Amino acid sequence: MLDCPMALVRVDVTDEYLSRLFSNPLTGLVELIENALDADANRVEVAFARSELGAIEAITIRDDGDGITTDRAMRAFGMLGGSWKANARTSPTGRPLRGRRGHGRWAAFALGETVTWLSVPRVDSEAGLAPQTGVRTRIQGARSNPGVFDITETPANGESNGTVVTVAGVVPGAQSLDSESVYKKLNLHFAYYLARHPKAWVDIDGKKLDPETVQQNKISLRSPQVAMPDHASDVELVIVEWVPKVREASKPRLILCDTDGTGLYDVIDGIPWSPITYTGYLRWSGFEDNRRILPLAQLGAEPVAEVVSAGIQALRKYFDARRDEARSALITQWKDESSYPYSDVPANDLEAAERDLFDVVAVTAAPALQGTDVRSRKLSLRLLREALQRDPTQMGRILEEVIGLTDEQMADLSHLLSRTSLPAIIGTAKLVAHRLGTLEGLDHILFNREASPHLLERRHLHEIVAAEPWIFAEEYALSRSDRGLTEVLRAHRQLLGDQLPVLMDDEPVLVDGRVARVDLLLSRSIENATNRYDHLVVELKRPSVTIGSDEITQLEKYAFKVAEDSRFLGQDVTWEFLLVGTKLDTYARKRAERETGQRDQDGIRLRFASWNDIIGQCRHRLKFVERELAIASRDDEVMDELRRVHAAALPGILTASQPDGVDAL
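The structure presented is a predicted model; accordingly, all values stated were derived computationally and were not measured.

Observations concerning the environment of D260
Alright, step 1. One can find D260 in the loop between strand 12 (254–257) and strand 13 (263–267).
Alright, step 2. Placed 61 residues apart in sequence, D260 and K199 show a C-alpha to C-alpha distance of 8.4 Å.
Alright, step 3. Other than its neighbours up to four places away in sequence, D260 contacts P198 and K199.

Put into structure tokens, the structure is as follows:
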């Protein structure tokens with residue numbers, strides 16, 4: 001006890017700084033309620049005393065918590081931030097602490113001119129309070145002198161434990177605290193805590209805070225609805241879906257509870273994400289008996305590990321079903337109003353995967369879409385589909401700039417897509433579909449007796465293959481045109497017997513009014529490491545030229561001359577020279593069959609291949625993915641991909657589709 005009936009304690013900080021802590025009356029009231037809950041109060045009552053005209057004259061906050069001893073009051077009220085909660089995570093009974101900064105006692109001055117605390121500590125409390133039977137601690141401070149508190153002891157006279165805070169001289173800004181809007185804000189603020197600790201009870205001037213009023217949905221699942229191990233037959237999973245403004249529930253978690261529903265431990269890692277704000281409460285008698293090992297549940301500590309794992313799986317199954325249900329309802333509505341951009345049944349697995357991804361994106365965007373009229377919604381959904389089909393990278397821009405998704409909704413979509421393989425599947429499938437379509441088109445224009453006469457290598461074929469280097473070697477799919485190599489190839493071009501002006505693949509010219517490239521050499525390079533390069537040089541021959549010994553000899557002379565050029569001295573360079581034509585004679589075929597793929601001592605490799613060989617090898621590489629994704633093309637679609645991507649490189653007579661699937665000739 002105090003050696004004298006009264007003591008003054010002063011905080012060594014300026015009154016100007018302290019005054020910043022009590023600028024918001026609602027914050028002050030929240031701080032006082034949180035202090036009561038942190039003291040393990042089960043009942044907190046806020047009462048407003050009014051004048052005859054209805055103005056609030058005094059505010060009382062009463063609780064049945066642990067109270068505060070005189071010694072603790074001397075320490076706590078004598079320093080800023082000196083809360084006993086600073087180094088603690090939970091209250092004596094295991095409740096998570098809400099305030100740790102030690103500002104709450106000054107925030108009370110946001111409510112009125114004078115604040116008085118009357119507190120009777122709980123005898124032998126597990127909070128470390130000294131037993132003081134029959135003692136009541138009185139603490140008083142004034143807004144006008146916030147750094148000073150009077151602390152006295154008086155007999156408790158049989159009063160029960162707890163604290164009563166009385167605010168007198170209520171400031172004008174606190175007159176609105178008994179409004180309905182303030183009650184709603186307090187209900188949102190404390191809903192999560194009260195749902196987690198059902199024994200706790202907060203009353204605001206006769207009206208109890210009720211977490212159920214801010215719940216959108218609440219479902220209880222019991223065994224055998226939840227597949228639990230035999231030793232947990234009494235388990236119950238309660239899933240609460242909150243209105244979005246319940247801030248503390250924004251991060252999904254599974255709270256392990258005793259049979260009364262009081263939270264004992266929060267599991268956060270591995271909990272299923274959902275755009276719905278929710279909390280799972282897993283109730284089981286075994287959690288109380290094994291309270292000490294609850295933090296080890298996800299590390300395999302039995303008997304709780306199996307129960308927690310089953311609870312997480314049940315959450316995942318529930319929200320998967322909720323997403324399917326919401327998606328089905330929205331899509332049904334969109335189909336009924338004819339705004340859904342798909343009408344046919346998916347023709348294959350790729351189309352099904354694309355539609356699944358579209359549905360995920362569209363349903364996530366639904367809050368923005370549903371606020372528009374049918375015509376606008378139809379346009380937005382069509383734009384999403386076209387972005388997904390043509391350029392998925394534009395999908396984010398459409399969602400943000402056209403449809404108007406918020407940052408939060410974009411973050412939700414990003415999180416959802418990061419947990420699914422659909423974007424990767426569709427990206428891969430579209431790449432494979434493009435390559436297969438390109439091969440089909442090439443095969444058609446090279447070998448179709450009606451189409452091939454219209455194809456000129458110098459004007460058309462080179463333009464296509466320059467943009468599709470993967471046709472010749474997969475590693476060149478990400479390669480680039482090399483201007484230095486281009487200069488070397490130009491310098492030695494006459495060795496191939498072609499006296500035409502040499503323009504390489506990155507130098508377009510006008511031919512008959514159209515952009516074209518007149519050189520038959522394609523040069524690509526990859527820098528594998530510092531000063532180490534792989535070069536691919538492709539020579540394309542006209543269909544009228546059958547590749548034989550003369551053409552091979554020319555290429556060999558050319559290859560050695562290029563490789564020995566002084567401009568490559570000091571570089572670690574490997575070369576591949578590929579001669580491609582429509583036909584190979586017997587000599588060239590035998591040479592091609594004998595090629596081992598090994599480079600000689602100068603790092604040079606020569607290859608000779610027909611277009612049949614090249615296209616066949618590409619198809620073989622893509623066969624597995626084609627089969628798994630069920631990508632198929634019809635006869636009337638063989639030119640579609642070339643027309644879509646390379647229309648500018650095709651002769652005009654081959655760029656238009658004809659009715660009944662007949663290509664223009």
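Points about helix 7 (residues 304–336)
Alright, step 1. With 33 residues, helix 7 extends 48 Å from end C-alpha to end C-alpha; this agrees with the ideal 48 Å at 1.5 Å per step.
Alright, step 2. Just past helix 7, the residue S338 takes up positive phi, approximately 65 degrees.

Observations concerning unusual backbone geometry
With glycine set apart, most residues show a phi of negative sign, and most peptide bonds adopt trans.
Alright, step 1. A cis geometry characterises the amide bond from E302 onward to P303, with omega recorded as 15 degrees.
Alright, step 2. Topologically, P303 is positioned in the loop between helix 6 (285–289) and helix 7.
Alright, step 3. Here the phi dihedral of D40 falls at roughly 65 degrees; this positive angle occurs in a residue that is not glycine.
Alright, step 4. Tracing the backbone shows D40 in the loop between helix 2 (25–38) and strand 2 (43–50).
Alright, step 5. The class of D40 is buried, set by a relative accessible area of 6%.
Alright, step 6. Its identity is not glycine, yet D205 carries a phi of approximately 50 degrees, on the positive side.
Alright, step 7. Inspection of the secondary structure assignment puts D205 in the loop between strand 8 (201–204) and strand 9 (207–208).
Alright, step 8. The partly exposed category is assigned to D205, whose relative accessible area is 32%.

Brief notes about the packing of helix 16 (residues 549–563) against helix 17 (residues 586–594)
Alright, step 1. With their axes 8 Å apart at the nearest point, helix 16 and helix 17 run at an angle of 50 degrees to one another. With respect to their mutual orientation, helix 16 and helix 17 come out oblique. Between helix 16 and helix 17, the contacting residues are S549, I552 and E556 on the first element and Y587, A588 and R591 on the second.
Alright, step 2. In terms of residue class, the contact of helix 16 with helix 17 is built from three nonpolar, one polar and two charged.

Topic: the nonpolar core
Alright, step 1. In terms of nonpolar packing, the biggest core is built from 43 residues, with I33, I59, F77, W117 and I204 touching the most fellow members.
Alright, step 2. Sequence-distant contacts of I59, defined by excluding residues within four places in its chain, comprise V46, A47, F48, L111, V165, T166, V167, V170 and L177.

Topic: the packing of aromatic side chains
Alright, step 1. With the rule as written, the count across this model stands at nine aromatic pairs.
Alright, step 2. Ring centres of W117 and F149 lie 6.2 Å apart, and the angle between their planes is 65 degrees; on these two criteria the pair is classed as edge-to-face. Of this pair, W117 sits in strand 4 (residues 112–120) while F149 sits in strand 6 (residues 145–155), and the two are 32 residues apart along the sequence. For the pair W117 and F149, a shared accessibility class is recorded, and that class is buried.
Alright, step 3. Their ring planes at 50 degrees and their centres at 5.7 Å tell us that Y340 and Y342 sit as a pair that is tilted.

What about the packing of helix 2 against helix 5 (residues 180–196)?
Alright, step 1. For the pair helix 2 and helix 5, interaxial distance at closest approach is 12 Å and the crossing angle is 30 degrees. Taken together, the axis directions place helix 2 and helix 5 in an arrangement best described as roughly parallel. As for how helix 2 packs across helix 5, the hand of that crossing is right-handed. Facing L26, L29, V30, I33, E34 and L37 of helix 2, the residues of helix 5 in contact are V182, K185, L186, H189, F190 and Y193.
Alright, step 2. Residue composition of the contact of helix 2 with helix 5, grouped by class: nine nonpolar, one polar and two charged.

Remarks on the pairing of strand 14 (residues 278–283)
Alright, step 1. With five of its six residues buried, strand 14 lies for the most part within the structure.
Alright, step 2. With six bridges connecting them, strand 11 (residues 236–242) and strand 14 associate as antiparallel partners. Residue pairing across strands places V240 opposite T279, the latter belonging to strand 14.
Alright, step 3. One ladder, built from four bridges, connects strand 12 with strand 14; its direction is parallel. Counterpart to L254 in the pairing with strand 14 is G280.

Some points on the side chain of E241
Alright, step 1. Following the sequence through the fold, E241 ends up in strand 11.
Alright, step 2. Within the structure, E241 has its side chain in polar contact with the side chain of Y318 (distance 2.7 Å).
Alright, step 3. Not counting residues within four places of it along the chain, the set of residues in contact with E241 comprises Q215, Q216, N217, I276, T277, Y278, Y318, F319 and R322.

Brief notes about the pattern of salt bridges
Alright, step 1. This model, assessed by the stated rule, comprises 22 salt bridges.
Alright, step 2. D266 serves as the salt-bridge partner of R196, at 2.2 Å between the closest nitrogen and oxygen. Linking R196 in helix 5 with D266 in strand 13, this pair joins segments that are 70 residues apart in sequence.
Alright, step 3. With a relative accessible area of 5%, R196 lands in the buried category.
Alright, step 4. Across the salt bridge formed by R607 and E576, the nearest N and O atoms sit 2.5 Å from each other.

Topic: the sheet that holds strand 10 (residues 215–222)
Alright, step 1. Taken together, five strands build an open sheet; the order of strands is 10-11-14-12-13 and the sheet is mixed. Only two strands of the sheet have a single partner each, and these edge strands are strand 10 and strand 13. Mean inter-strand twist for the sheet, computed between neighbouring axes without regard to direction, equals 20 degrees.
Alright, step 2. Note: strand 12 against strand 13, four bridges, orientation antiparallel. Paired with I255 across the bridge in strand 13 is D266.
Alright, step 3. Packed on one face of the sheet, helix 5 meets strand 11, strand 12, strand 13 and strand 14 and runs near 115 degrees to strand 13.
Alright, step 4. Across the sheet, helix 7 lies against strand 10, strand 11, strand 12, strand 13 and strand 14, angled at about 45 degrees from strand 11, the strand it touches most.

Rules behind the numbers
Residues numbered from 1 in each chain as written. Predicted model: local features only at pLDDT ≥ 70, side-chain atom pairs only at ≥ 80, totals over all residues. Heavy atoms only, no water. Helix = DSSP H or I, 4+ residues; strand = E, 2+ residues; numbered from the N terminus. Contact = heavy atoms within 4.5 Å. Expected span 1.5 Å × (residues − 1). Buried < 20%, exposed > 50% of the residue type's maximum accessible area, 1.4 Å probe, protein only. Axes fitted to C-alpha atoms, helices over the stretch in contact; angles between N-to-C directions. Parallel < 35°, antiparallel > 145°, perpendicular 65-115°, else oblique. Nonpolar A, V, L, I, M, F, W, Y, C, P; charged D, E, K, R; others polar. Core = buried A, V, L, I, M, F, W, Y, C linked by side-chain atoms within 4.5 Å. Phe/Tyr/Trp six-rings, centres within 6.5 Å; stacked < 30°, edge-to-face > 60°. Left-handed = near helix turned anticlockwise from the far one by under 90°. Pairing = 2+ DSSP bridges. Polar contact = N/O pair within 3.5 Å; in protein donor to acceptor, adjacent residues only side chain to side chain. Salt bridge = Lys/Arg side-chain N within 4 Å of Asp/Glu carboxyl O.

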